[in-house]
Amino acid sequence: MSTKLLETVEIDSENARGSVIWLHGLGADGHDFEALVPELKLPAEHGLRFIFPHAPFRTITMNNSQPLRGWFDVKTLDRDAWDDREGILESAQSVNALIDREKERGIASEKILLAGFSQGGTMALYCGLRYPEKLAGIMGLSTYMPLTEDFAKEATAVNRETSIFMAHGSMDDIVLPTLGDETYEFLRGLGYDVAWHEYPMMHQVCRQEVEEIRSWLMNCFNLSS
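Parameters and conventions
Residues numbered from 1 in each chain as written. Predicted model: local features only at pLDDT ≥ 70, side-chain atom pairs only at ≥ 80, totals over all residues. Heavy atoms only, no water. Helix = DSSP H or I, 4+ residues; strand = E, 2+ residues; numbered from the N terminus. Rg over C-alpha atoms; globule rule 2.2 N^0.38 Å. Buried < 20%, exposed > 50% of the residue type's maximum accessible area, 1.4 Å probe, protein only. Areas by Shrake-Rupley, 256 points an atom, 1.4 Å probe, with all protein chains shown as cover. Lys, Arg positive; Asp, Glu negative; His and termini not counted. Charge placed at Lys NZ, Arg CZ, Asp CG, Glu CD. Pairing = 2+ DSSP bridges. Axes fitted to C-alpha atoms, helices over the stretch in contact; angles between N-to-C directions. Contact = heavy atoms within 4.5 Å. Salt bridge = Lys/Arg side-chain N within 4 Å of Asp/Glu carboxyl O. Expected span 1.5 Å × (residues − 1). Parallel < 35°, antiparallel > 145°, perpendicular 65-115°, else oblique. Nonpolar A, V, L, I, M, F, W, Y, C, P; charged D, E, K, R; others polar.

Attention now moves to the overall build of the chain. Helices and strands together make up the secondary structure of the chain, namely six helices and nine strands. Rg of the C-alpha trace for the chain: 16 Å, near the compact-globule value of 17 Å for 225 residues, within the 12% margin. Residue burial in the chain is summarised as follows: out of 225 residues, 54% are buried. Accessible surface for the chain amounts to roughly 10400 Å². Of this, 48% is attributable to carbon and sulfur atoms. For the chain, the centre of its 20 positive side-chain charges and the centre of its 35 negative side-chain charges are spaced 4 Å apart.

Our next topic: the sheet that holds strand β1 (residues 8-11). Strand order across the open sheet formed by seven strands is β1-β3-β2-β6-β7-β8-β9, with mixed pairing between neighbours. Edge positions in the open sheet fall to β1 and β9 (194-199), since each of these has one partner strand only. With direction set aside, neighbouring strand axes in the sheet form an average angle of 15 degrees. Note: strand β7 (residues 137-141) against strand β8 (residues 164-169), four bridges, orientation parallel. Note that in β8 the partner of Met139 across the bridge is Phe165. Against the sheet, helix α3 (residues 119-128) touches β2 (18-23), β6 (112-117), β7 and β8, its axis set at about 145 degrees to β6.

Opposite charge on two side chains lets them pair, provided their charged atoms get close. By the definition in use, this model includes 15 salt bridges. A salt bridge links Asp12 to Arg49, with the nearest nitrogen and oxygen atoms 3.0 Å apart. Of this pair, Asp12 sits in the loop between β1 and β2 while Arg49 is found in strand β3 (residues 48-53), placing the two residues 37 residues apart along the sequence. A residue is classified by how much of its surface remains accessible, and Arg49, at 8% relative accessible area, is buried. Here Glu39 ties to Arg207 by a salt bridge, and the two come within 3.1 Å at their closest N and O atoms. Here Glu39 is found in helix α1 (residues 36-39), whereas its partner Arg207 is found in helix α6 (residues 207-220), with 168 residues between them in sequence. Note on Glu39: relative accessible area 35%, which makes it partly exposed. Linked through salt bridges whose partners overlap, the residues forming this network are Glu10, Asp12, Arg49, Arg101, Glu102 and Arg105.

Looking now at the environment of Glu185. Inspection of the secondary structure assignment puts Glu185 in helix α5 (residues 177-189). Considered as a pair, Glu185 and Leu68 are 117 residues apart in the sequence and their alpha carbons are 31 Å apart.

A separate point is α6. The end-to-end C-alpha distance of α6, which contains 14 residues, comes to 20 Å, matching closely the 20 Å that a straight helix rising 1.5 Å per residue would cover. For α6, the complete set of buried residues consists of Glu209, Val210, Ile213, Trp216, Leu217, Met218 and Cys220. Packing partners of the buried residues in α6 comprise β2, α1, β6, β7, β8 and β9. Just beyond α6, the residue with positive phi is Asn222, at close to 55 degrees.

It is the contact of helix α2 (residues 85-104) with α3, at a shortest axis distance of 10 Å, that shows an interaxial angle of 75 degrees. When the axes of α2 and α3 are compared, the pair comes out roughly perpendicular. Facing Ile88, Leu89, Ser91, Ala92, Val95 and Asn96 of α2, the residues of α3 in contact are Met123, Tyr126 and Cys127. Residues that form the contact of α2 with α3 fall into these classes: seven nonpolar, two polar and no charged.

What follows concerns the side chain of Ser163. Position of Ser163 among the secondary structure elements: in the loop between α4 (151-154) and β8. Residue class for Ser163 comes out buried when judged on its relative accessible area of 17%. Sequence-distant contacts of Ser163, defined by excluding residues within four places in its chain, comprise Gly137, Ile138, Asp193, Trp216 and Cys220.

Looking now at the side chain of Glu102. Locating Glu102 in the fold gives a position in helix α2. Looking at Glu102, the relative accessible area reads 0%, which means it is buried. Beyond its immediate stretch of four places on either side in the chain, Glu102 contacts Ser19, Ile21, Arg49, Ile51, Ile107 and Ile112.

Let us now look at the environment of Leu147. Among the structural elements, Leu147 can be located in the loop between β7 and α4. Overall, the relative accessible area of 3% leaves Leu147 in the buried class. Each C-alpha atom of the pair Leu147 and Tyr126 lies 8.3 Å from the other, and the pair is 21 residues apart in sequence. With residues up to four places along the chain from it excluded, the contact list for Leu147 reads Asp83, Arg85, Ile88, Tyr126 and Arg130.

Structure, rendered in structure tokens:
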């Protein structure tokens, strides 16, 4: 049975040659990072299609069991209660289906990049490092790696050298910076190509971060300024 495609917001490029699938955080939607695209100030002929999917509404235990758009449930603020395995696996199928759709639209997997903020970054790391074909890059902002106990047996060798961009606010009081740093050290210890950036901010995105994301995207897609 095929996975139903998520609804998305798209900023297309004429004759797209690459795709960026960008996943929002808990309680937001696909419009959350839409306005960031022009702020990246990419070359006019960058040839990138930006795809911002809407996560489905689901019951979020921490939100008095009221529904929010989210990639998985969060039961409490206790880090040990964050990894909703069933929700993560369900969302991973949806994210992989978006990657597969891009391939059907003529974009090779090595020209598809997964990005995400907070919960969305969790999914980008989870899916990207397990995807069976080479990707252009993986970006996780203000996030952490889930289900690390399964990682060794599930990670795919083909994305072992894929560039990973991680960034975190040093004053983040929602996803503590130590969690991002632990993920960075975990991946670096396994030999992954991870760039770590920390900024004096809370659970958000800042101007310097956007500038460094731009440089990284330019490099991942071999764009010239």
